[in-house]
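Here are the chains, one letter per residue:
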Amino acid sequence: MFIAKTKENEQVSLIPPISPTFLEKYSPPFYCPVCQQEVILKTGNHRRWHFAHLPQKACPVSHKGESEMHREAKMILYQWLRQQKVRVEMEKYFPKIERQADLFLQWQSKNYVIEYQQSPLSPEEMLKRTTDYFSLQIEPIWMYGKNRLRPKRYAQFSIQPFEWIGLRERRDDQRHAFIYFSPQTASFSFLFPRTTVQRSTIFADYYTLPLSKATISHVVHLPKTIDAPLDWNQEWLLHKWSWRYQRIRWQPYPDITSVKQLLLEQKADLSLYPSEAGWPTLCSETFATPIYVWQTIFLLQFLQHVLLYDTFSFSSLLDTFLLLIDHYSIQTREFPFISQPLEKSLFAYLELLTRMNVLQKCKGGWRKLAPLILPRAVDDGFRMDKRWQHRIF
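Reading the values: rules and limits
- Residues numbered from 1 in each chain as written.
- Predicted model: local features only at pLDDT ≥ 70, side-chain atom pairs only at ≥ 80, totals over all residues.
- Heavy atoms only, no water.
- Helix = DSSP H or I, 4+ residues; strand = E, 2+ residues; numbered from the N terminus.
- Contact = heavy atoms within 4.5 Å.
- Areas by Shrake-Rupley, 256 points an atom, 1.4 Å probe, with all protein chains shown as cover.
- Lys, Arg positive; Asp, Glu negative; His and termini not counted.
- Charge placed at Lys NZ, Arg CZ, Asp CG, Glu CD.
- Axes fitted to C-alpha atoms, helices over the stretch in contact; angles between N-to-C directions.
- Parallel < 35°, antiparallel > 145°, perpendicular 65-115°, else oblique.
- Left-handed = near helix turned anticlockwise from the far one by under 90°.
- Nonpolar A, V, L, I, M, F, W, Y, C, P; charged D, E, K, R; others polar.
- Buried < 20%, exposed > 50% of the residue type's maximum accessible area, 1.4 Å probe, protein only.
- Pairing = 2+ DSSP bridges.
- Expected span 1.5 Å × (residues − 1).
- Phe/Tyr/Trp six-rings, centres within 6.5 Å; stacked < 30°, edge-to-face > 60°.
- Lys NZ or Arg CZ within 6 Å of the ring centre and 35° of its normal.
- Salt bridge = Lys/Arg side-chain N within 4 Å of Asp/Glu carboxyl O.

Peer 1: How would you sum up the overall build of the chain? Please name residues and give values.
Peer 2: A count of helical and extended segments in the chain gives ten helices and 20 strands. With respect to the three principal axes, the spread of C-alpha positions in the chain is 85 × 40 × 35 Å. In the chain, the proportion of contacts linking residues at least 24 apart, taken out of those at least 6 apart, comes to 64%. About 19,000 Å² of surface is accessible on the chain, with carbon and sulfur atoms providing 51% of the total. Across the chain, the centroid of the 50 positively charged side chains sits 3 Å from that of the 38 negatively charged ones.

Peer 1: Go over the packing of helix α8 (residues 314-327) against helix α9 (residues 341-355), please, and point to the residues and values.
Peer 2: The contact between α8 and α9 brings their axes to 11 Å, and the two run at 115°. As summarised for this structure, α8 and α9 are arranged roughly perpendicular, according to the angle between their axes. As α8 runs across α9, the sense of the crossing is right-handed. Along its contact with α8, which presents Phe314, Leu317, Leu318, Phe321, Leu322 and Ile325, the element α9 presents Leu342, Glu343, Leu346, Phe347 and Leu350. Among the residues making up the contact of α8 with α9, the classes are represented as ten nonpolar, no polar and one charged.

Peer 1: Could you give an account of the side chain of Glu163, naming the residues involved and the relevant values?
Peer 2: Assignment of secondary structure puts Glu163 in the loop between β13 (156-158) and β14 (168-169). Residues in contact with Glu163, not counting those within four places in the same chain, are Tyr144, Arg148, Arg150, Ser158 and Phe178.

Peer 1: Requested: an account of the pairing of strand β16 (residues 187-198), with residues and values cited.
Peer 2: The buried fraction of β16 is high, at eleven of twelve residues. Taken together, the five bridges between strand β15 (residues 176-182) and β16 define a ladder with antiparallel strand orientation. Its bridge partner being in β16, Phe178 is matched across the sheet by Leu191. Hairpin geometry of β15 and β16 is characterised by an intervening segment of four residues between the two adjacent antiparallel strands and by a positive phi of about 50° at Ala186.

Peer 1: How would you sum up helix α3 (residues 123-135)? Please name residues and give values.
Peer 2: In this model, α3 (13 residues) spans 18 Å end to end at C-alpha, consistent with the 18 Å of a helix rising 1.5 Å per residue. Within α3 the residues assigned to the buried category are Met126, Leu127, Arg129, Thr130, Asp132 and Tyr133. Elements in contact with the buried residues of α3: β7 (93-94), β8 (99-100), β10 (110-117) and β11 (138-145). Backbone geometry just downstream of α3 places Gln137 in the positive-phi region, at approximately 60°.

Peer 1: Tell me what's going on with the sheet that holds strand β5 (residues 50-53), and back it up with residues and numbers.
Peer 2: The strand order β2-β1-β3-β4-β5 describes an open sheet built from five strands, whose pairing is antiparallel. A strand with exactly one partner marks an edge of an open sheet, and here the two such strands are β2 (11-13) and β5. Sheet topology note: the strand β4 (residues 38-42)/β5 ladder contains four bridges and is antiparallel. Paired with Leu41 across the two strands is Phe51, which belongs to β5.

Peer 1: Could you give an account of the packing of aromatic side chains, naming the residues involved and the relevant values?
Peer 2: In the structure shown here, the tally under the stated rule is 37 aromatic pairs. Where Trp243 meets Tyr292, the ring centres are 4.7 Å apart and the plane angle is 25°; that geometry is what we call stacked. Separated by 49 residues along the polypeptide, Trp243 in helix α5 (residues 233-245) and Tyr292 in helix α7 (residues 291-301) bring together distant segments of the chain. Like Tyr292, Trp243 is buried. One residue, Lys92, lies across the ring of Phe104, its end atom 5.6 Å from the ring centre. When the ring centre of Trp366 is taken as origin, the NZ or CZ atom of Lys361, which lies over that ring, is 4.6 Å away.

Peer 1: Lay out the environment of Trp243 with the relevant residues and their values.
Peer 2: Residue Trp243 is classed as buried on the basis of its relative accessible area, which comes to 2%. For Trp243 and Tyr273, which are 30 residues apart along the polypeptide, the C-alpha to C-alpha distance reads 9.0 Å. Ignoring anything within four residues of it in the chain, the contact list for Trp243 reads Val197, Gln198, Trp236, Ile248, Ser271, Tyr273, Gly278, Ile291 and Tyr292.

Peer 1: Give a detailed account of the pattern of salt bridges, specifying residues and quantitative values.
Peer 2: One pass over the structure, following the stated rule, counts 23 salt bridges. We note a salt bridge from Arg194 to Asp205, for which the minimum N-O separation is 2.8 Å. Of the two residues, Arg194 is situated in strand β16 and Asp205 in strand β17 (residues 201-210); the sequence distance between them amounts to eleven residues. Residues joined in a network through salt bridges with shared partners are Arg99, Glu125, Lys128, Arg129 and Asp132.

Peer 1: Provide a residue-level description of the environment of Leu81, including the pertinent values.
Peer 2: Assignment of secondary structure puts Leu81 in helix α2 (residues 68-83). As a C-alpha pair, Leu81 and Leu237 span 156 residues in sequence and 44 Å in three-dimensional space. With residues near it in sequence (within four places) discarded, Leu81 still touches Val86, Val88, Leu103, Leu105, Ile114 and Ile216.

Peer 1: For the sheet that holds strand β20 (residues 365-368), give the residues involved together with the corresponding values.
Peer 2: On the basis of which strands lie adjacent, the open sheet formed by three strands has the order β18-β20-β19 and antiparallel pairing. Each end of this open sheet is capped by a strand with a single partner; those strands are β18 (311-312) and β19 (359-362). As defined by bridge partners, β18 adjoins β20 across two bridges and the pair is classed as antiparallel. Counted as the bridge partner of Phe312 is Trp366 from β20. Packing against the sheet, α9 makes contact with β18, β19 and β20, and its axis sits at approximately 110° to β19.

Treat this as a map of the structure, not an account of what it does.
Printed below as a string of structure tokens:
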């Protein structure tokens, strides 16, 4: 922490520039402005001066001691916002919700807080912090440490459950992104999901933006970007292969158990899901359930019941799918910063099925153009997958 109080209740700040006479002017003890407990001044030539609570002393807003990286990020962002002519306050405490924000700022007649998160949280705690700020008409902006950016194979990244809460929406085209900040390189990173592939894995476009070229608008509204080409078709086909040929652990997962039972009712196995399912779509992060599972439920429990060449409306689909979510234990995520995530994910899948000539867009909805035929064998299913691959990518 960079802000403390003296025994005379005078606020003292370690925000640069620090007066050369600071140690002469102020002397211990210093106190936390929130919990009023004594804190110690830590100085040095190789780290930022800061205050810290005494060992074994609890503070209602200090869940864990801040790392040097956290302090560095907070200070760099504070100075950057000042350069942007943004009104910003360090470590502002909100007694009504008992939260202390890393940074509080006012921009374009709106109030924001920036929270820099390096350590893992439970999704419940992350959501509670977010809703607490919203209750004060303050919009939180979650920035993750660069340590939380975890690339896997080509264009694939791992996302932990709590990180989804911080996903933001670009208002121009309603694309979504995570924000990361690295104090070592003084740069932002933006991760735009293209689709989910497993519960914790996404394909995504990754961009970096040096702090020197960034503006507050890039953080609040996200930067404009050019989508990377979908050149990971072979990577996607590997996932399709694994869903067909590898043994799936379905017992621990109610959603996969449900779709397995649904396929058994049609005298098919889990590996014989429709070849029209399990394809990448935007906004599929709405679902924690694997993409081939919820798309299979859509096809077998909604589209299969639409007669060939009959039409359906989006509202009828949405009403039915809300029931299917509950009945088949489809897991969805909460996105405090994204509008209508379920509607967007379903619409994106309808657009894909239209490109596949399974559906046709028409006045008032969609027309079904092709029947659904389940593969008779795993090899048949994968051959059908490879045919669809060339059309989709």
